[in-house]
Amino acid sequence: QDSIMNLFYNEINREFKNFESYKTELTNAFKHYKFYFPDSTIPKVTTFYSNFEQKVLDIDDRLAIGLEMFLGKENKLIKLLPNTYPQYIKNKMDRQFLTANVMYGFLTNRFYEPLGNDLISNMISTGKIIYLLKAMMPEINENILFSYTKSEEKWCLNNENNIWKHIVDQELLYSKNTKIISNFIAEGPS
């Protein structure tokens, strides 16, 4: 009966009235998954309103997608979200990232294995998930895998040398500082 929840629920139903293209993308990704992991079970996919808590919820044989997380940064309701949702988060609330985010969440839940508590270990563990994601979605543009715009991807590629130089010069590779690790691994404004 909550008016705000009803507002978002109605917006989700309006924006995702036709979910067929996403079903097709997910079906194709799970075909690749089944090819690489033939003994695995494909989860039943459903959607829900998570109240901005979860993009993906993977429990047992079910995979639920929090659709409000993909309404798009230009959506009137997303624009009204408070500052607790900074612009860089709103920018990534785009439907173009839906399938890749769902598969990333699914693969992370099933396969993420921490190798240690330093930056390099976290980079390798996360890289393994990205590697699997690429195998599940070989046709997708790489910027979509990272929830980047084309210009953000271009910036990363153009500055790759500088980023690695900074990591090496500051001796960060084996840092166990969670803030430093988060700056390189977690979703953030830069």
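It should be noted that the structure appears before, not after, this text.
A. Spotlight on the overall build of the protein chain. When helices and strands are counted, the protein chain shows 10 helices and three strands. Listed by position from the N terminus, the elements making up the protein chain come as α-α-β-β-β-α-α-α-α-α-α-α-α. Since a compact globule built from 190 residues should have a radius of gyration of about 16 Å, the 18 Å found for the protein chain is in line with a globular shape. Counting all 190 residues of the protein chain, 35% fall into the buried class. Across the protein chain, every contact between residues at least 6 apart in sequence was considered, and the portion connecting residues at least 24 apart equals 56%. Entry remark: accessible area of the protein chain is about 12000 Å², with carbon and sulfur atoms responsible for 52%. The distance from the centre of the 22 positive side-chain charges to the centre of the 23 negative ones in the protein chain is 4 Å.

B. Broad picture of the packing of helix H5 (residues 98-111) against helix H6 (residues 119-136). Two numbers describe how H5 lies on H6: the axes approach to 9 Å, and their chain directions differ by 125°. One way to sum up the angle between H5 and H6 is to call them oblique. With respect to the hand of their crossing, H5 and H6 are arranged in right-handed fashion. Residues Ala 100, Met 103, Tyr 104, Leu 107, Thr 108 and Phe 111 of H5 lie in contact with H6, whose contacting residues are Thr 126, Ile 129, Ile 130, Leu 132, Leu 133 and Met 136. For the contact of H5 with H6, a count of residues per class yields 10 nonpolar, two polar and no charged.

C. Local environment of the sheet that holds strand S3 (residues 62-66). On the basis of which strands lie adjacent, the open sheet formed by three strands has the order S1-S3-S2 and mixed pairing. Both outer strands of the open sheet, strand S1 (44-48) and strand S2 (56-59), are each paired with one neighbouring strand and no more. When strand polarity is set aside, the average angle formed by the axes of neighbouring strands in this sheet is 20°. For S1 and S3, the ladder comprises five bridges, and the chain directions are parallel. By the bridge assignment for S3, Lys 44 is matched with Arg 62. H5 rests against S2 and S3 of the sheet, and its axis sits at about 35° to S2.

D. Seen up close, the pairing of S2. By the alternation rule, side chains of S2 split into Val 56 and Asp 58, which are all buried, and Leu 57 and Ile 59, of which none is buried. Strand direction decides the pairing type here: S2 and S3, joined by four bridges, are antiparallel. Across the sheet, the residue bridging to Val 56 is Ile 65, located in S3.

E. Quick look at helix H2 (residues 20-36). Along its 17 residues, H2 runs 25 Å from first to last C-alpha, staying within 8% of the 24 Å computed at 1.5 Å per residue. Among all positions of H2, only Tyr 22, Leu 26, Ala 29, Phe 30 and Tyr 33 are buried. All buried residues of H2 project into a common sector of 100° when viewed along the axis, lining one side. In this structure, H2 carries Lys 31 and Phe 35 as exposed residues pointing more than 90 degrees from its buried face. Of the surrounding secondary structure, the elements contacted by the buried residues of H2 are S1, S3, H5 and H6.

F. Representation of the packing of H2 against H5 within the structure. Across the interface, H2 lies against H5 with an axial gap of 9 Å and an inter-helix angle of 35°. You can see that H2 and H5 cross each other, and the crossing is right-handed. Note on element contacts: H5 touches H2 through Leu 98, Thr 99, Val 102, Met 103, Phe 106, Leu 107, Arg 110 and Phe 111, opposite Tyr 22, Glu 25, Leu 26, Ala 29, Phe 30 and Tyr 33. Class assignment for the residues of the contact of H2 with H5 results in 11 nonpolar, one polar and two charged.

G. Expanded view of the pattern of salt bridges. Within this structure, the stated rule accounts for 10 salt bridges. Between Glu 142 and Lys 134 there is a salt bridge, and its shortest N-O distance comes to 3.0 Å. You can call Lys 134 partly exposed: its relative accessible area is 35%. What you see here is one network of salt bridges that share partners, running through Glu 11, Arg 14, Glu 15, Lys 76 and Arg 95.

H. Representation of the environment of Lys 134 within the structure. Looking at where Lys 134 falls in the secondary structure, it is placed in helix H6. For the pair Lys 134 and Ala 29, spaced 105 residues apart in the sequence, the C-alpha separation amounts to 9.6 Å. When neighbours within four sequence positions are excluded, Lys 134 is seen to be in contact with Glu 142 and Leu 145.

So, how was this worked out
- Residues numbered from 1 in each chain as written.
- Predicted model: local features only at pLDDT ≥ 70, side-chain atom pairs only at ≥ 80, totals over all residues.
- Heavy atoms only, no water.
- Helix = DSSP H or I, 4+ residues; strand = E, 2+ residues; numbered from the N terminus.
- Rg over C-alpha atoms; globule rule 2.2 N^0.38 Å.
- Buried < 20%, exposed > 50% of the residue type's maximum accessible area, 1.4 Å probe, protein only.
- Contact = heavy atoms within 4.5 Å.
- Areas by Shrake-Rupley, 256 points an atom, 1.4 Å probe, with all protein chains shown as cover.
- Lys, Arg positive; Asp, Glu negative; His and termini not counted.
- Charge placed at Lys NZ, Arg CZ, Asp CG, Glu CD.
- Axes fitted to C-alpha atoms, helices over the stretch in contact; angles between N-to-C directions.
- Parallel < 35°, antiparallel > 145°, perpendicular 65-115°, else oblique.
- Left-handed = near helix turned anticlockwise from the far one by under 90°.
- Nonpolar A, V, L, I, M, F, W, Y, C, P; charged D, E, K, R; others polar.
- Pairing = 2+ DSSP bridges.
- Expected span 1.5 Å × (residues − 1).
- Arc of directions from axis to C-beta.
- Salt bridge = Lys/Arg side-chain N within 4 Å of Asp/Glu carboxyl O.

The values are spatial; any link to function lies outside them.
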